[in-house]
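# Residue-level structure breakdown
Okay, here's what each chain looks like letter by letter:
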Amino acid sequence: MYLRGIEGFVAAIAPFNFTAISGHLATAPALMGNVVLWKPSDTAVFSSYLVYKILRECGLPAGVINFVPSGGPDFGETITSSANLAGINFTGSVPTFRWLWKKVGENLENYRTFPRLGGECGGKNFHLVHESADIESAAVATVRSAFEFSGQKCSACSRLYVPESKWPQMKEKMVALLKELQIDSPLNFETFTSAVIDERSFDKISNYIEYGKNNNKLITGGYYNKSTGFYVYPTIFETKDPKDRLMREEIFGPVLTVFKYKETEFNQVVDLVDTTTPYALTGSIFAKDEQVMKSVKLRLRQACGNLYLNDKSTGSVVNQQPFGGARLSGTNDKPGSPGYLLKWTSPLSVKESLVAQTTVKHASML
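The structure presented is a predicted model; accordingly, all values stated were derived computationally and were not measured. (Residues numbered from 1 in each chain as written. Predicted model: local features only at pLDDT ≥ 70, side-chain atom pairs only at ≥ 80, totals over all residues. Heavy atoms only, no water.)

### Observations concerning the environment of Arg327
Quick reminder of the rule: Runs of E in the DSSP output that reach at least two residues are strands. Runs of H or I that reach at least four are helices, and both are numbered from the N terminus. Partly exposed residues are those whose accessible area sits between 20% and 50% of the maximum for their type, while under 20% is buried and over 50% is exposed, using a 1.4 Å probe and protein chains only. Any pair of residues with heavy atoms lying within 4.5 Å of one another is described as a contacting pair. Under this definition, polar contacts are N or O atom pairs within 3.5 Å; protein pairs additionally need one hydrogen-donor-capable and one acceptor-capable atom, and for neighbouring residues in sequence, both atoms have to be side-chain atoms.
Structurally, Arg327 can be placed in strand E17 (residues 326-327). Accessibility expressed as a relative area gives 37% for Arg327, which makes it partly exposed. It is 9.6 Å that separates the C-alpha atoms of Arg327 and Gly123, two residues lying 204 residues apart in sequence. Beyond its immediate stretch of four places on either side in the chain, Arg327 contacts Asp274, Pro278, Tyr279, Ala280, Gln302 and Ala303. Of the polar contacts made by the side chain of Arg327, one reaches the backbone oxygen of Asp274; its length is 2.9 Å.

Have a look at this one:
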């Protein structure tokens, strides 16, 4: 069996938040023999272009990967109306991926082949803390997961479930950790995190913060300033409603919402973790009780695509933790795994006979 590229071209549509992801969305299909049209994020054109230049300087032939900065709707309309579209490799929002999928469906009769669609669309990721957990460790992991890169990771923790009796200890530790962190220019090496990507993101996150102030309890943070950059400071809310919009909707910013539960209601909370949001990307379980860990891991097997045990919900390493989620988080093709590369191939099976054909009769007829 031979692995061929797909007949046609693959469109790679990249996000702003990880330059490496932008590069791999284009290079993975190219590595398997495909021609790629690479659309970088509007807010990460230069960093993506540097990757493209490096590829060309390393010997990538012209025309294999084609760097095409453009408006999103223009690019989407153009690729989906081409009969030669063979695949879309996408990371971005749910509405955009749905729009692309619908456009492919509308044009399905025009294509030479059925386009392969791969998408990663974000998440509403959880940290579930059991009463047996190491609370200090869970606090450190949660701060890192929720606030690194100002929460602009699709895997960032944005909802925390913690036992009522353990919340004071965990809250004290998290607030103390946040006081130590420097939110400043990325040019300063002591900076933990910096501004969010653009004004549109700033406005969206600040609106969620104002909602939180009016409807939930502010624990720390809650302020933002765009006089010198789009700075949103790490913010923690406590809610009494486990289905509050801050527990359901992806914010993509440094906002964490906490629901404290009675220890006797742990089983119900596990169900809440699984059913509160339409996403299923990453999640973490913190527990020392091995039976609890075994049980919860099984019950939450569909709640995320990357599950972490006593660790933060971010930081997957290529070839160690292939990344991706299901439900509205995407198609879970697991970039970083061998199987991901196979998605961008069209296998050819070949049989060669070394014996001359001498009769039309079946062996059972002889």
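### Comments concerning helix H10 (residues 290-299)
Rule in force here: The arc under discussion is defined with respect to the helix axis, by the directions toward the C-beta atoms.
All of the buried residues in H10 are Val292, Met293 and Val296. Mapping the buried residues of H10 onto a view down its axis gives an arc of 95°, with all of them on the same face. Away from its buried face, by an angle of more than 90 degrees, H10 presents the exposed residues Glu290, Gln291, Lys294 and Leu298. Among the residues of H10, the N-terminal cap falls to Asp289, whose side-chain oxygen and the backbone nitrogen of Gln291 are separated by 3.0 Å.

### Let's talk about the nonpolar core
To keep things clear, this is the line we draw: The definition of a nonpolar core used throughout is a set of buried Ala, Val, Leu, Ile, Met, Phe, Trp, Tyr and Cys residues joined through side-chain atoms within 4.5 Å.
Val129, Leu160, Trp167, Met170, Met174, Ile236 and Leu256 are the most contacted members of the largest nonpolar core, which totals 23 residues. Looking at this core, the elements that each hand over two or more residues are helix H5 (135-147), strand E8 (157-163), helix H6 (167-180) and strand E13 (255-261). Top contributing element to this core by residue count: H5, with seven residues. Sequence-distant contacts of Met170, defined by excluding residues within four places in its chain, comprise Val129, Ile135, Ala138, Ala139, Thr142, Leu160 and Val162. Membership of the second largest hydrophobic core comes to 19 residues, among which are Phe126, Tyr261, Ala287 and Val296.

### Focus on unusual backbone geometry
The phi angle at Phe149 is positive, at roughly 55°, despite the residue not being glycine. For Phe149, the position within the fold is in the loop between H5 and E8. We note that Phe252 has phi near 60°; this positive angle belongs to a residue other than glycine. Summarising the element assignment, Phe252 is placed in the loop between helix H8 (245-248) and E13.

### A look at a nonpolar patch on the surface
The condition that has to hold: For patches, a residue must show more than 30% relative accessible area and have no salt bridge; joins then use 9 Å for like charges and 5 Å for nonpolar side chains, namely Val, Leu, Ile, Met, Phe, Trp and Tyr. Using a 1.4 Å probe, the Shrake-Rupley method yields the accessible areas, and only the shown protein chains count as cover for residues. We define a salt bridge as a side-chain nitrogen of Lys or Arg found within 4 Å of a carboxyl oxygen belonging to Asp or Glu.
Together, Met1, Leu3 and Leu342 make up an exposed nonpolar region whose accessible area comes to about 340 Å². Its place among the elements puts Leu3 in strand E1 (residues 2-5). With relative accessibility at 46%, the residue Leu3 sits in the partly exposed group.

### Brief notes about the pairing of strand E15 (residues 282-286)
Residues in a regular strand project their side chains so that they alternate between the two faces of the sheet. Note the cut-off: Any two strands with at least two DSSP bridges between them are considered paired. When the strands point away from the viewer, a crossover counts as right-handed if the route from the first strand across the helix to the second turns clockwise.
Among the five residues that make up E15, five are buried, leaving the element largely enclosed by the rest of the structure. Burial along E15 is two-sided: Thr282, Ser284 and Phe286 and Gly283 and Ile285, pointing in opposite directions, are all buried. As paired strands, strand E7 (residues 125-129) and E15 are joined by four bridges and run parallel to one another. Pairing of Leu128 across the sheet is with Ile285, part of E15. Bridge analysis of E15 against strand E16 (residues 306-309) gives four bridges, and the strand direction is parallel. Residue pairing in the sheet places Ser284 in a bridge with Tyr308 of E16. As for the winding sense of the linkage, the β-α-β connection from E15 through H10 to E16 is right-handed.

### Describing the pattern of salt bridges
What the rule picks out here adds up to 16 salt bridges. For Glu199, the salt bridge is made with Lys226, and the minimal N-O distance between the two is 2.7 Å. With a gap of 27 residues between them, Glu199 in helix H7 (residues 199-215) and Lys226 in the loop between strand E10 (224-225) and strand E11 (231-232) connect regions that are remote in the sequence. Taking relative accessible area as the criterion, Glu199 reaches 38% and is therefore assigned partly exposed. Its relative accessible area of 38% is what places Lys226 among the partly exposed residues. A cluster of three or more residues bridged by salt bridges with shared partners is formed by Glu77, Lys103 and Glu106.

### What to know about the sheet that holds E15
Using the following cut-off: To define axes, lines are fitted to C-alpha atoms, for helices over the stretch in contact only, and angles between the resulting N-to-C directions are given on a 0 to 180 degree scale.
With respect to topology, seven strands assemble into an open sheet ordered E9-E12-E13-E8-E7-E15-E16, the strand pairing being mixed. The strands lining the two open edges of the sheet, one partner per strand, are strand E9 (217-220) and E16. Shown here is a sheet whose adjacent strand axes are inclined to one another by a mean of 20°, direction ignored. Inspection of the sheet shows E7 paired to E8 by four bridges, in the parallel sense. What sits directly across from Phe126, in E8, is Arg159. Against the sheet, H7 contacts E9, strand E12 (235-238) and E13, and its axis sits at roughly 35° relative to E12.

### Comments concerning the side chain of Glu250
To be explicit about the condition: Two residue types count as positive, namely Lys and Arg, and two as negative, namely Asp and Glu; His and chain ends fall outside the count.
Secondary-structure assignment places Glu250 in the loop between H8 and E13. One buried charge, Glu250, has no salt-bridge partner; the nearest side chain with opposite charge is Lys204, at 5.7 Å. For Glu250, the side chain forms a polar contact with the main-chain nitrogen of Gly123, separated by 3.1 Å. When neighbours within four sequence positions are excluded, Glu250 is seen to be in contact with Cys121, Gly122, Gly123, Lys124, Cys154, Lys204, Tyr208 and Tyr279.

### Things to note about the packing of helix H9 (residues 266-275) against H10
Relative orientation and spacing of two packed helices are given, respectively, by the angle between their axes and the distance between those axes. Stated precisely, the cut-off is as follows: In this scheme the handedness of a crossing depends on how the near helix is turned from the far one: anticlockwise by less than a right angle means left-handed, clockwise means right-handed.
Where H9 meets H10, the closest approach of the two axes is 10 Å, and the angle between their N-to-C directions is 35°. The interaxial crossing formed by H9 with H10 has right-handed handedness. Two secondary-structure elements touch here, H9 through Phe266, Asn267, Val270, Asp271 and Asp274 and H10 through Val292, Val296 and Arg299.

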